[in-house]
Amino acid sequence: MSVIDLSALKGGLRELPPLSLYIHFPWCVKKCPYCDFNSHEFRAGSIPIANAANTGRSRVGEGFDEMAYVEALLRDFEYSLPSIWGRSISTIFMGGGTPSLFSPQAMDALLAGIRARVRLQPDAEITMEANPGTFERERFHGYRDAGINRLSIGIQSFNPRHLQALGRIHDDAEARRAVETALSCFDNVNLDLMYALPQQTLAEALADIDTALSYGVSHISAYHLTIEPNTLFAVQLPQNLPDDELSADMQEAIEARLEGAGFVHYETSAFAQPGRFARHNVNYWQFGDYVGIGAGAHGKISSHAGIVREMRYKQPAAYLQAIAEGKPVQSSHKVGRKDLPFEFMMNLLRLTGGFELRLFSERTGLPVSCIQSQLQQARAEGLIEHDLTHPRPTLKGQRFLNDLLNLFLHEDGEN
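Everything in this summary refers to the structure shown in the same document.

### Notes on the overall build of the protein
A count of helical and extended segments in the protein gives 15 helices and 16 strands. In summary, the protein has a C-alpha radius of gyration of 22 Å against a globular reference of 22 Å for 415 residues, a match within 12%. Structurally, the protein occupies a C-alpha span of about 65 × 55 × 40 Å along its principal axes. Sequence separation of at least 24 residues holds for 70% of the intrachain contacts in the protein that already meet a minimum separation of 6. In the form shown here, the protein has an accessible surface area of approximately 18,000 Å², with 50% of it arising from carbon and sulfur atoms. If the 38 positive side-chain charges of the protein are averaged to one point and the 49 negative ones to another, these points end up 5 Å apart.

### Quick notes on a negative patch on the surface
A grouping of Asp243, Asp244, Glu245, Asp249 and Glu252 is seen on the molecular surface, where their side chains present a negatively charged patch. Asp243 sits in the partly exposed class, given a relative accessible area of 48%.

### Focus: unusual backbone geometry
Omega for the bond connecting Gly96 with Gly97 falls within 30 degrees of zero, at 15 degrees, which places this linkage in the cis form. Looking at the element boundaries, Gly97 is found in the loop between strand E4 (89-96) and helix H2 (104-117). For Ala196, which is not a glycine, the phi torsion comes out positive at approximately 65 degrees. Note on placement: Ala196 falls in the loop between strand E7 (189-195) and helix H6 (202-214).

### Overview of the side chain of Thr181
Relative to the helices and strands, Thr181 resides in helix H5 (residues 172-185). When near neighbours in sequence (up to four residues on either side) are disregarded, Thr181 contacts Phe135, Glu136 and Arg137.

### Observations concerning the side chain of Asp192
One can find Asp192 in strand E7. Filtering out sequence-adjacent residues up to four positions away, Asp192 remains in contact with Ser152, Ile153, Gly154, Ile155, Gln156, Ser221 and Tyr223.

### Let's talk about the pairing of strand E6 (residues 150-156)
Extensive coverage of E6 is indicated by the burial of seven of its seven residues. The side-chain alternation of E6 yields two buried faces, one formed by Arg150, Ser152, Gly154 and Gln156 and the other by Leu151, Ile153 and Ile155.

### A closer look at the packing of aromatic side chains
Under the criterion given, the structure shown has 15 aromatic pairs. With 6.3 Å between their ring centres and 20 degrees between their planes, Tyr22 and Phe93 make a pair best called stacked. Residue Tyr22 is located in strand E1 (residues 19-25), and its partner Phe93 is located in strand E4; the two are separated by 71 residues in the primary sequence. On the basis of relative accessibility, which here comes to 15%, the residue Tyr22 falls in the buried class. These aromatic residues form a ring-pair network of at least three members: Phe25, Trp27, Tyr69, Phe102 and Tyr319. Just above the ring of Phe287 sits the side chain of Lys300; from NZ or CZ to the centre is 4.2 Å.

### Describing H2
Taking 1.5 Å of rise per residue, 14 residues should cover 20 Å, and H2 covers 20 Å from first to last C-alpha, within 8% of that figure. When we look at burial in H2, the residues that qualify are Pro104, Ala106, Met107, Leu110, Leu111, Gly113 and Ile114. Elements in contact with the buried residues of H2: E1, helix H1 (66-80), E4, strand E5 (120-130) and helix H3 (137-146).

### Quick word on the pattern of salt bridges
Applying the stated criterion across every chain, the model contains 15 salt bridges. Between Asp289 and Arg87 there is a salt bridge, with the nearest N and O atoms lying 3.1 Å from each other. With Asp289 in strand E11 (residues 289-293) and Arg87 in the loop between H1 and E4, the pair connects residues that are 202 residues apart, well separated along the chain. Of the two residues, Asp289 and Arg87, neither departs from the other in class, the shared state being buried.

What counts, and where the lines are drawn
- Residues numbered from 1 in each chain as written.
- Predicted model: local features only at pLDDT ≥ 70, side-chain atom pairs only at ≥ 80, totals over all residues.
- Heavy atoms only, no water.
- Helix = DSSP H or I, 4+ residues; strand = E, 2+ residues; numbered from the N terminus.
- Rg over C-alpha atoms; globule rule 2.2 N^0.38 Å.
- Contact = heavy atoms within 4.5 Å.
- Areas by Shrake-Rupley, 256 points an atom, 1.4 Å probe, with all protein chains shown as cover.
- Lys, Arg positive; Asp, Glu negative; His and termini not counted.
- Charge placed at Lys NZ, Arg CZ, Asp CG, Glu CD.
- Patch = residues over 30% accessible without salt bridge, like charges linked within 9 Å, V, L, I, M, F, W, Y side chains within 5 Å.
- Salt bridge = Lys/Arg side-chain N within 4 Å of Asp/Glu carboxyl O.
- Buried < 20%, exposed > 50% of the residue type's maximum accessible area, 1.4 Å probe, protein only.
- Phe/Tyr/Trp six-rings, centres within 6.5 Å; stacked < 30°, edge-to-face > 60°.
- Lys NZ or Arg CZ within 6 Å of the ring centre and 35° of its normal.
- Expected span 1.5 Å × (residues − 1).

What follows is the structure, encoded as structure tokens:
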């Protein structure tokens, strides 16, 4: 932690960054014990939408009208339009929860409604998260026909013992069928995998990677299992977790195996074939803008007056009620200028290739001079490489990212 040069905190944004749209679907078949995302098990009658059973529409489950949620999302989006007038959307990401619980007809109506309200760039990347167990070939052809062009599948492991330990509802056979079905419909597919799982060996962690590679997918995300607060695992710690040394060995071996297969390790947990980086996530990591709609969604919107972050109501029932009242935003705040260096670096330093230093001024409106001492300190400590125009984290900086980021925290709460 160090002191930001207050004399440099002037200026403003001269141009706006790229704009994305995040859409949150908060329901799952079952809440996983490691998950701290805003997701809720679907239960009959748990979502108070009047007369849902009598609408004749497709439903996620008994007592829930999926099109009512789609209509709420579109009304939510309309409330955001004044803050993004004249801007086009470059990427859309549908996350959750499990968006693939919703039908292709619902997704088609949602994307048609978005296109009617804002301009999508012609090559917009449109990603939907999906979980094994929700895969049917015709259903996923329908998603593709609706305009979705990228799938992200929550496999986590191809090992039945590890899937059971993680509380997943699918088995290894369903995981394999899900990948095969996805690749029959889409040529841009990400697989989410986890390592450092209970009782997992190094060989087993690499076997998951090798299985994913055998399918020829274009993107793999490999996450270390983290015990997060407010999860079941935090209350009931799983037995026989790999120790720090074995976990580090897994990470290094996974990185080497993927890089040896021609994948670019471009972000802390993300690996892709050349040209297949997740454009939506890259916009996050490059401190771009994004509208967030849906229960619990977060957004970041820049203007020439500064940067505003906002959050929607998390509980689905509260969110739907807020939409009905025309007030979907639960909280909103302008990012203080003294917080901007840390917020910028918290994203950009996840990119293993670093970033062009000019982006700092372009995305924050602050001069580079206000972070020069921190960059020098990070270089002296071996946490970054810096050629004056392109800082990038070293391997040490990647392994000790929190220590690197702490250099850009300011010491008090003033803005």
